[in-house]
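Now for the letters of each chain:
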Amino acid sequence: MIEKSINIEDVLSLPLDPKEQKKAVEEKVPCVAEGRLKVYDPNTNNVKKFLELLQSRLNRSVVGSMTACVHCGMCSEVCHYVLARPHDPTMVPAYKGDQIRRIFKKHFDWTGRIIPWWVHAGSPKNDEDMNRLKNIVFGTCTGCRRCTLNCPMGVDTAILVRLTRGLLTELGIVPEGVFVVSKDQWETGNQMGVTEDEYLETLEWMSEEVGEEIGDPTFKIHVDKEDCDFMYTINPREVKYDPRSIGHAAKIFYAAGESWTMPRWGWDMTNFGLFSGDDKLGAFVAKNLYEAAKKLRAKRIVISECGHGYRSTRWEGYNWAKYSQDISSESVLVTLIRYISQGRIKVDPSKNSLPVTFHDSCNIARSGDLTEEPRWILKRVCTDFREMFPNRADNFCCTGGGGALSMVEYKPLRMEVAKIKAQQLIDTGAKQVCTICHNCVDGLGDLIRHYKLDMQVVQVLDLVANALVVPEKKEEK
Amino acid sequence: MAKVMLGGKEVEVDEDGFIQEPDLWDQNVAIDLAKTEGVQDMGEKHWKLVNYIREYYQKFGIAPMVRKLCKDCDLKLKEIYEMFPSGPAKGACKVAGLPKPTGCV
């Protein structure tokens, strides 16, 4: 796995490319015209705006992470960017954090006034400096928070990265991919621009497929049905490109005799606000979902397999939207455990006999504390489960986190640092890597192809659906 | 961004291998793109799918949903994954000369 190391200057000097932003302005896209989504304006004083915004965002957890770093270097021992490029100081989480810390110290902290040379206080001078900052916070960190857990001072570098991303998003100094996805999510309520008709048609299609499989032509995925036990929410990738997971979920819910529905609006549980640092977008998307559950009087919200969607919907969204947590939410894994432990579904592990390992998604394990549930299920639906090391909250990022998949310009660096993850996968000796995040599916898929590993990515719903014993009719496989 | 030889001409591709100038796309480019996707032989069904995606994109400026692909090309979802192992988004759309789909893919 020896690869040519890329020159980091090529990454840090990538220019701002506001082509899509210009197009959106010309087309008068409402979220841009109304100022909800900002575009880059070269004729304004962006540095001044940046500093004003920074001042308005300072709170206890941010200031704690701004002031507490003692540069001990513990973070460098856990970051996959550093481990893969040990010769490169710009990969160190403390370095990345310092790029915003120095601005904070220069303008808002007493140390910057008294001993500026000691704390390296400094300020961005122009838009070019801020573009470089963009490349650091969007291009060299996936916000996986592995360094956060390893910091003896409690510094959360990912908070600083997200904060900086958010400030730059307010100035339109963002990668094209981040702008486009944010725009789609503002405009259509989902990050892939799926229209309502397309969404409903796909659900109908999956209803037919599942109906055929279980031998019940009347089977239907209900939309906007009131008073169900839960409202199921998904990642738009499932509708747009790979609805097999919707079919799998539907088949399992059917076998368990569940009363469930999907909402017509508010079905996207992903949230690009987490990645772009835009709390307003975060609030908009999360609120769509919470309001849908309230309107349908669903008893709970079930979140399909998605890392950042889980974190956003279950944890962060309520803060962004300032919404009270009246309706409880859970990962679909918790739902599956209920079915298996109560005997509502029967599974046959011999259906999944390939050696399978489990990849903990950062936003679910490290930031969501859901670590034992997937293992509980996998041990019941597979015959050969192998642990990956390190695992649970210590696991390495799939290298596609933090919205990295939508920022293609940083892919060469991403693939280079993925060698850490690739080695971790190889060491398991497994043929399948299971994850509970659609983003990890593509992140892992990219590196498996890049490093030519003999491995396939699967999800928990795939394995459970495959192992499901449908009593009325003999199994199809 | 890099320039690579596809179908006998120099074409700019992004870091994921999606071509940047849709106008340069032709059958030979598609055949070479397919090879990068592990598809050695573009059969009749492959062409039907790729041409459909391309026409849809030219008309609507967006990649079609997989539902539309299956219905209008008369394919099962499973078949698409067999034909293009990376799936409709990263596989078929790339061969059809579309830009990289946006979002978590």
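Residues take numbers from 1 onward in each chain, read along the sequence in its written order. Labels are handed out in written order, letters beginning with A for the chains and numbers beginning with 1 for the ligands. Selection of residues for local features in this predicted model requires a pLDDT of at least 70, selection of side-chain atom pairs for listing and counting requires 80 or more, and totals for whole chains, interfaces and linings are taken over all residues. Heavy atoms throughout the structure, all of them, feed into the side-chain values; hydrogens and water do not.

Here we look at the overall build of chain B
The secondary structure content of chain B amounts to five helices and two strands. Shown N-terminal to C-terminal, the secondary structure of chain B runs as helices and strands in the order β-β-α-α-α-α-α. For a compact globule the rule gives 2.2 Å times the number of residues to the power 0.38, and the radius of gyration it is set against comes from C-alpha atoms. Its C-alpha atoms give chain B a radius of gyration of 13 Å, within 12% of the compact-globule value 13 Å for 105 residues. In terms of its C-alpha atoms, chain B occupies a principal-axis envelope of roughly 35 × 30 × 25 Å. With a 1.4 Å probe rolled over the protein chains alone, any residue whose accessible area is under 20% of its type maximum counts as buried; one over 50% counts as exposed, and the rest are partly exposed. Split into buried and exposed, the 105 residues of chain B put 51% on the buried side. When contacts within chain B are restricted to residue pairs at least 6 apart in sequence, long-range pairs at least 24 apart make up 48% of them. For chain B, the exposed area adds up to about 4800 Å²; of that, 49% sits on carbon and sulfur atoms. For the purpose of counting charges, residues Lys and Arg are taken to be positive, whereas Asp and Glu are taken to be negative. His and the chain ends are not included. The atom standing in for a charge is NZ when the residue is Lys, CZ when it is Arg, CG when it is Asp and CD when it is Glu. Placing the 15 positive and 17 negative side-chain charges of chain B at their respective mean positions leaves the two points 8 Å apart. Secondary structure follows DSSP: runs of H or I at least 4 residues long count as helices, runs of E at least 2 residues long count as strands, and numbering of each begins at the N terminus. Only heavy atoms enter the contact rule, under which two residues are in contact if any of them lie within 4.5 Å. Only the protein chains shown count as covering a residue, and every accessible area follows the Shrake-Rupley method with a 1.4 Å probe.

A word on the pattern of salt bridges
All names here are of chain A. Basic side-chain nitrogens of Lys or Arg form a salt bridge, by our definition, when they fall within 4 Å of a carboxyl oxygen of Asp or Glu. The final tally for this structure, using the stated rule, is 45 salt bridges over all chains. Between R297 and D227 there is a salt bridge, with its nearest N and O atoms 2.8 Å apart. Of this pair, R297 sits in the loop between α17 (279–295) and β3 (300–303) while D227 sits in the loop between α13 (196–214) and β1 (230–233); the two residues are 70 residues apart in sequence, bridging distant segments of the chain. Classification of R297 by relative accessible area gives partly exposed; the value is 44%. For the salt bridge of D446 with R414, the shortest nitrogen-to-oxygen distance reads 3.2 Å. One end of the pair, D446, is in helix α23 (residues 438–450); the other, R414, is in helix α21 (residues 411–417), and 32 residues separate them in sequence. The two residues D446 and R414 agree in class, both being buried. Salt bridges linked by common partners bring D360, E372, R375, E387 and R392 together as one network.

Structural notes on the interface of chain A and chain B
With 35 residues of chain A at the interface, the matching set in chain B holds 28 residues. Accessible area that two parts lose when put together, evaluated with a 1.4 Å probe and summed over both, is termed the buried area. Of the roughly 2600 Å² buried at the junction of chain A and chain B (both faces included), carbon and sulfur atoms supply 55%. The tally of links between chain A and chain B comes to seven salt bridges. One salt bridge in this structure joins K90(B) and D446(A), with 2.7 Å as the shortest N-O distance.

Digging into the sheet that holds strand β6 (residues 356–359) of chain A
All names here are of chain A. Taken together, four strands build an open sheet; the order of strands is β7-β6-β8-β9 and the sheet is parallel. The strands lining the two open edges of the sheet, one partner per strand, are β7 (385–386) and β9 (456–459). Strand direction decides the pairing type here: β6 and strand β8 (residues 432–435), joined by four bridges, are parallel. If you follow T357 over to β8, its bridge partner there is V433. Pairs of strands are assigned from DSSP output, requiring at least two bridges between the strands.

A look at the nonpolar core
Grouped together as the largest cluster of nonpolar side chains are 172 residues, with contacts concentrated most on F50(A), Y232(A) and L49(B). Looking at this core element by element, the count peaks at eight residues for α17(A). In contact with L49(B), not counting residues within four places along its chain, are L69(B), C73(B), L75(B), I80(B), M83(B), F84(B) and A92(B). We call a set of buried Ala, Val, Leu, Ile, Met, Phe, Trp, Tyr and Cys residues a nonpolar core when their side-chain atoms join them within 4.5 Å. Judged by nonpolar contacts, the second largest core, of 19 residues, contains C398(A), A422(A), V433(A) and I448(A).

A word on the domain arrangement of chain A
One widely used convention gives an interface's size as the accessible area the parts lose upon coming together. Residue and element names in this part refer to chain A. Each domain span listed reflects an automatic or database assignment of domains. Partitioning chain A into structural domains gives domain 1 (46–171), domain 2 (196–343) and domain 3 (346–468). Taken residue by residue, the interface counts 29 residues in domain 2 and 28 residues in domain 3. At the junction of domain 2 and domain 3, the tally comes to one salt bridge. Here D442 ties to R237 by a salt bridge, and the two come within 2.7 Å at their closest N and O atoms. Whenever two N or O atoms come within 3.5 Å, that pair is a polar contact, provided that in protein one can donate a hydrogen and the other can accept it, and provided that, for residues adjacent in sequence, both atoms are side-chain atoms. At the surface where domain 2 touches domain 3, the tally comes to 10 residue pairs in polar contact (both at pLDDT 80 or more). Broken down by element, the side of domain 2 that touches domain 3 gets its largest block of residues, seven residues, from helix α19 (residues 332–341).

Quick notes on the pairing of strand β1 (residues 2–6) of chain B
Two faces, one strand: in a regular strand the side chains alternate between the faces of the sheet. All names here are of chain B. Relative to strand β2 (residues 9–13), β1 runs antiparallel, the two being bridged by five bridges. Residue pairing for β2: V4 is matched across the bridge by V11. Connecting β1 to the next strand, β2, in antiparallel fashion are two residues, including G7 with a positive phi near 55 degrees.

Some words on helix α9 (residues 127–139) of chain A
All names here are of chain A. Take the number of residues in a helix, subtract one, and multiply by 1.5 Å to get its expected span. Relative to the 18 Å expected for 13 residues at 1.5 Å per residue, α9 spans 17 Å between its end C-alpha atoms, a close match to the ideal helical length. Of all 13 residues making up α9, 10 are buried, and the element is well covered by its neighbours. Taken together, the buried positions of α9 are D127, M130, N131, L133, K134, N135, I136, V137, F138 and G139. If you check the start of α9, you find a side-chain oxygen 3.2 Å away from the backbone N of E128, and it comes from N126.

Thoughts on the side chain of D268(A)
All names here are of chain A. For D268, the position within the fold is in the loop between β2 (260–261) and α16 (272–276). We note that D268 is buried and unpaired, the nearest opposite charge coming from R237 at a distance of 12 Å. Side-chain polar atoms of D268 contact the side chain of Q185, separated by 3.0 Å. Side-chain polar atoms of D268 contact the backbone nitrogen of Q191, separated by 3.0 Å. Setting aside chain neighbours within four positions, we find D268 in contact with Q185, G189, N190, Q191, I234, P236, V285 and L289.

Observations concerning the sheet that holds strand β4 (residues 328–331) of chain A
Residue and element names in this part refer to chain A. Pairing is parallel in the open sheet, where four strands are placed in the order β2-β1-β3-β4. Every interior strand has two partners, whereas the edge strands, β2 and β4, have only one. Between N-to-C directions, angles span 0 to 180 degrees; the directions come from axes that are lines fitted to C-alpha atoms, helices contributing only their stretch in contact. Its contacts with the sheet put α19 on β1, β3 and β4, and the angle it makes with β4 is roughly 80 degrees.

A few points about helix α5 (residues 87–95) of chain B
Burial runs high along α5(B): nine of the nine residues are buried. Among the residues making up α5(B), those that are buried are G87(B), P88(B), A89(B), K90(B), G91(B), A92(B), C93(B), K94(B) and V95(B). Buried positions along α5(B) lie against α23 of chain A together with α1 (27–36), α2 (44–60), α3 (66–73) and α4 (77–83) of chain B. In the stretch just after α5(B), G97(B) is the one whose phi turns positive, near 80 degrees.

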